[in-house]
Amino acid sequence: MKRLHLLATITLAVLLGGCSGGNAPPEQYGANPQLPAQQRGLLPDMVIAKPAAWGDHLPTVPQGYTIKAIATDLRIPRQTLVLPNGDILVAEGRGGNAPSLKPKDVIAGYIKAKGTSPVKGGNRLTLLRDADGDGTYEMKTVFADGLNAPYGLALVGDTLYVADQDALVKFHYTVGQTHADGAPVKVTDLPSAINHHWTKALAASADGRYLYVGIGSNSNITERGMTAEVDRARIWQVDAQTGMHRAYATGVRNPTALAIQPGTGALWAVVNERDELGPDLVPDYLTTVRDGGFYGWPWSYWGQHVDPRVRPQDPEKVASAIVPDYSLGSHVAALGVAFSSPAVGAKFADGVFVGEHGSWNRSDPVGYKVVFVPFRDGHPAGDPIDFVTGFRGKDGLTRGRPVGVSVDPRGALIVADDLSNTIWRVTPNTPSAAVKPAAPATTTGAAPAASAGEAKM
Amino acid sequence: MSVAVDRVRWALHPLNAVLLAGALALFLGALLSDIAYFRSYAIQWSNFSSWLLAGGLVVGAFAFLCAIVELFRTRWRAWPVVYALLLLATWVLGFIDALVHARDAWAIMSTGLVLSVIVVVLACVALWIAFTGMRAGGAS
């Protein structure tokens, strides 16, 4: 094992030789990120997380907050959903069945697998409950089993929607339920051939009439051919009643998490952008999703920056590409987004939390944390603030990788960690005065719009 | 007299010959696939190229080993040295070509195509020398 590790290190060192810049990364947060020139050496930069156990370590949170693991030994937890009674549903699974097309895929697949958990995906929903409100989730039970790499979760009234990697399904749900009544009912099939990017993000519109499903591209940058990209790299709007869908937005390379903004009802997404154009290209982003909008992939990025790797080119599509709202930085791998609430505390009351899984193709790793993007007047205002860090040490030892984030009615942030297979909960030490009536296990007071927003992932 | 001895000593070993011809065929296949991708944008050709190059490198590496053995067998005569160096150059450029082919989609072009041409030309020259170089050397 040790020898294997050494071998991998040497292989990496050899592979990486002389292709890293080592300069300080450019300022890449916000609406106008610096976009350096494209570059690609003979070998892509790869620095893979070295998994390590948490032991006595804990992630770092801001002063005035406490973090605690509320569930461990899960099977690849990705996204979470806080139910109206405070119960937490966790989607566990690992999807994708993209075959290796080139020798490169075989080698890269082997190397990348070293930075992830060896545990088999659960293909299930686990329910966590803190019945007495003391912050310890004493109940951990399987809510539903036999799913196919479930990821996106949303609750609309008494219907629980789950986005598997190949279909949108639903369960009937009544508050307090700990086990699904029966097998899920299919709402609609989702594009699943190859499934290079298999995660299907999910959010319900404020009125519950529509479901938005994020469908990632089937390649980094069309290297599996354009025919593999039919119905990919887009966000579907699915009619909850009929299961009919239309493309709500296109050119969105990998929309890994969706959220409805409380109050406005606007759809927001975090999107992972393309690789192999250099360590500081292309920024992953947070954006409102415009109905009918085209966001560039594959022909261009960040508006009109043409990607020369795509043939045939399409100047008309490039011209129509929308510039996203807010850059989160290149290769951070944003996989979770959740709107905050006043209950979280004054400094973090208005904005979104973003879970960043962390880079694998950058010599100076980035991400591996949860950040808070402050909002003002309904739009991002200011640089991201670190909210949960310490997942990856300076020594390269990586203890966790954040994925989905949710905010619970008590003002706590729930973070799924798919490396250590843990659910973390970050709580304010002094409950915010603004939400005094929020009794632990009963949040019936939330308006429909707010609860749908809460239900985003 | 010495010419006759030289001729006997450097008849290409059949194993070396088949490895050399195999490498050339694989590199040539990669070049043809590259041309097809260049003309059609059909991505599958680039996958074919990648694997053909990988095959050419494996077979070519064994051909190079044979050439090294040949060097010792012929006590470092000129043509076997040239032959071995040509094979080495073919392999190194073929390896760089394989790395270029690991790029995504059109990022392979046009560097990959140019390298594939050079690799095939080098492999052809190596093969030419392997089969005729000895005679050329003998004539002088």
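Cut-off values and rules
Residues numbered from 1 in each chain as written. Chains lettered and ligands numbered in written order. Predicted model: local features only at pLDDT ≥ 70, side-chain atom pairs only at ≥ 80, totals over all residues. Helix = DSSP H or I, 4+ residues; strand = E, 2+ residues; numbered from the N terminus. Buried ≥ 20, exposed ≤ 12 C-beta atoms within 10 Å, placed from the backbone. Core = buried A, V, L, I, M, F, W, Y, C linked by C-beta atoms within 7 Å. Contact = placed C-beta atoms within 7 Å. Nonpolar A, V, L, I, M, F, W, Y, C, P; charged D, E, K, R; others polar. Pairing = 2+ DSSP bridges. Axes fitted to C-alpha atoms, helices over the stretch in contact; angles between N-to-C directions. pLDDT = per-residue confidence, 0-100.

With reference to specific residues and values, describe the overall build of chain B.
When you go through chain B residue by residue, the secondary structure sums to five helices and zero strands. Relative to its full complement of 140 residues, chain B shows a buried share of 45%.

Break down the nonpolar core for me, citing the residues and quoting the values.
Residues L211(A), V213(A) and V354(A) are the most contacted members of the largest nonpolar core, which totals 102 residues. Beyond its immediate chain neighbours, meaning those up to four positions away, V354(A) contacts V270(A), L286(A), L328(A), A334(A), G336(A), V337(A), V370(A), V371(A) and V373(A). One finds L24(B), W106(B), V119(B) and L127(B) within the second-largest nonpolar core, a separate group that totals 43 residues.

Describe the interface of chain A and chain B, with residues and values.
Residue-level contacts link 19 residues of chain A with 16 residues of chain B. The class makeup of the residues in the side of chain A that touches chain B is eight nonpolar, three polar and eight charged.

Tell me about the environment of V306(A), and name the residues and values.
Residue and element names in this part refer to chain A. Within the fold, V306 resides in strand β20 (residues 305-306). Of the residues examined, V306 has 16 C-beta atoms within 10 Å and is grouped as partly exposed. Separated by 259 residues in sequence, V306 and V47 place their C-alpha atoms 27 Å apart. With sequence-adjacent residues up to four places away left out, V306 is seen in contact with W299, S300 and V318.

Now, about the pairing of strand β21 (residues 326-330) of chain A: what can you tell me, with residues and values included?
Residue and element names in this part refer to chain A. Within β21, five of the five residues are buried, leaving the element largely enclosed by the surrounding structure. As defined by bridge partners, strand β17 (residues 283-288) adjoins β21 across four bridges and the pair is classed as antiparallel. When the sheet's bridge partners are listed, L286 is paired in β21 with Y326.

Break down the environment of Q177(A) for me, with residues and values.
All names here are of chain A. Looking at the secondary structure, you find Q177 in the loop between β9 (167-172) and β10 (185-189). A count of 17 C-beta atoms within 10 Å places Q177 in the partly exposed class. Along the backbone, Q177 and D87 are 90 residues apart, and their C-alpha atoms lie at a distance of 9.5 Å.

Help me get a handle on the sheet that holds strand β28 (residues 402-407) of chain A, residues and values and all.
Residues and elements named next belong to chain A. The strand order β2-β30-β29-β28 describes an open sheet built from four strands, whose pairing is antiparallel. Lying at the two open borders of the sheet, with one neighbouring strand each, are β2 (65-71) and β28. Neighbour-to-neighbour, the strand axes of this sheet turn through a mean angle of 25°, independent of strand direction. Sheet analysis places strand β29 (residues 413-417) next to strand β30 (residues 422-428), joined by five bridges and oriented antiparallel. For V415, the partnering residue across the bridge sits in β30 and is W424.

Tell me about the confidence of the model for chain A, and name the residues and values.
Residue and element names in this part refer to chain A. For chain A, the average pLDDT comes to 89, and 89% of its residues sit at 70 or higher. Below pLDDT 50 for its whole length, residues 1-22 participates in 18 contacts with residues either more than four positions away or in separate chains. Counting interchain partners and residues more than four positions distant, the pLDDT-below-50 stretch residues 433-457 has 64 contacts.

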